[in-house]
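Spelled out from the first residue to the last, the chains are:
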Amino acid sequence: MTPPGHHRLILTRHAKSSWDDPLMSDHARPLNARGRIAARELGDFLASRGLEPEEVLCSTALRTRETWDQVASAVIETRPDVHYRDDLYHADPAAMLGALKTATQATVMMIGHNPGIAEFAASLPARPIYDPDFRKYPTCATLIVDFQIASWADLQPGTGSVLDFFTPSNRGK
C-alpha cells in the first residue's frame, strides 16, 4: 500500500513472446517459455517487496494478458481490479498517460508494449535513470515510480521518484 497523498505506478513491458507461427497476428502472439518464467519472476519480485497492484491496466494483446496472469500467480496478497484496454495496444506515451489518469486506485500496474512504454517510462521520473537497460526497456522491464499526487488525474510527467527498476537480467541486484 502507498501512503496517503502518494500514488505508485508499476510500469511493465510484456514478457518475451513467441514468434513460432509467422502467420499469427501480432495481437494473438502468446508468451514463449522464457517469457512465462520472466513474468513469474517479476511477480515474485513484486510480492517479495510488497509492491502489489490494486488496479491493473493491461493491453488486450495475448502476450500482455499472459504476462499479467503469470505475475498474478505470484501476487497473492491482493486481488486487483483488472481492466483490459484496447487503447493500450501499441499505445504512444500520450495514450498511456490518458489511460493512467482514469485509474482509481493508488497503486496501479500498467502492462503494454514498446516503443511507447519505453518513451512513457522515460518521461515520468524527475531525475534520469542510469541503467543500461532502461533506454531499450527490454521485455518484462518494469519501472516502479512514486508520485506525490492526490489522484492520477493530477499526474504530470517529470515528477516521479523512482523506487526500483526490474529486468529479468538484473533480478536479485
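These lines cover the structure that appears in this document, whether it is placed above or below. (Residues numbered from 1 in each chain as written. Predicted model: local features only at pLDDT ≥ 70, side-chain atom pairs only at ≥ 80, totals over all residues. Heavy atoms only, no water.)

Brief notes about the nonpolar core
Part 1 of the reasoning: In this structure, Leu-9, Leu-11, Leu-100, Met-110, Phe-120, Tyr-137 and Trp-152 are the most contacted members of the largest nonpolar core, which totals 27 residues.
Part 2 of the reasoning: At the level of elements, β1 (7-13), α3 (93-100), β4 (107-112), α4 (116-123) and β5 (142-147) are the ones that each hand at least two residues to this core.
Part 3 of the reasoning: Ignoring any residue separated from it by four or fewer positions in sequence, one finds Leu-9 in contact with Leu-100, Val-108, Met-110, Phe-120, Leu-124, Leu-143, Ile-144, Val-145, Phe-147 and Trp-152.
Part 4 of the reasoning: Counting 20 residues, the second largest nonpolar core, distinct from the first, contains Leu-31, Val-56, Trp-68 and Ile-111. (Core = buried A, V, L, I, M, F, W, Y, C linked by side-chain atoms within 4.5 Å. Buried < 20%, exposed > 50% of the residue type's maximum accessible area, 1.4 Å probe, protein only. Helix = DSSP H or I, 4+ residues; strand = E, 2+ residues; numbered from the N terminus. Contact = heavy atoms within 4.5 Å.)

Observations concerning the pattern of salt bridges
Pairs may arise between side chains of opposite charge once their charged atoms sit close together.
Part 1 of the reasoning: On inspection of all chains with the given rule, the structure shows six salt bridges.
Part 2 of the reasoning: Among the ionic pairs, Arg-63 bridges to Asp-26, the shortest N-O distance being 3.0 Å. Placement of the pair is Arg-63 in helix α2 (residues 62-74) and Asp-26 in the loop between β1 and α1 (33-48), with a sequence separation of 37 residues.
Part 3 of the reasoning: For Arg-63, a relative accessible area of 1% gives the class buried.
Part 4 of the reasoning: For Arg-85, the salt bridge identified is with Asp-87, shortest N-O distance 2.7 Å. (Salt bridge = Lys/Arg side-chain N within 4 Å of Asp/Glu carboxyl O.)

Considerations on the packing of aromatic side chains
Part 1 of the reasoning: Taken as a whole and assessed by the stated rule, the structure comprises five aromatic pairs.
Part 2 of the reasoning: Ring centres 4.9 Å apart and planes at 40° place the aromatic pair Phe-45 and Phe-166 in the tilted group. Taken together, the positions of Phe-45 in helix α1 and Phe-166 in strand β6 (residues 161-166) put the pair 121 residues apart, joining distant regions of the chain.
Part 3 of the reasoning: Ring plane angle 50° and centroid distance 5.7 Å describe the contact between Tyr-137 and Phe-165, whose orientation is recorded as tilted. Within this pair, whereas Tyr-137 is found in the loop between α4 and β5, its partner Phe-165 is found in strand β6, the two being separated by 28 residues in sequence. The two residues Tyr-137 and Phe-165 agree in class, both being buried.
Part 4 of the reasoning: Through a chain of ring-to-ring contacts, three or more aromatic side chains come together here, namely Phe-134, Tyr-137 and Phe-165. (Phe/Tyr/Trp six-rings, centres within 6.5 Å; stacked < 30°, edge-to-face > 60°.)

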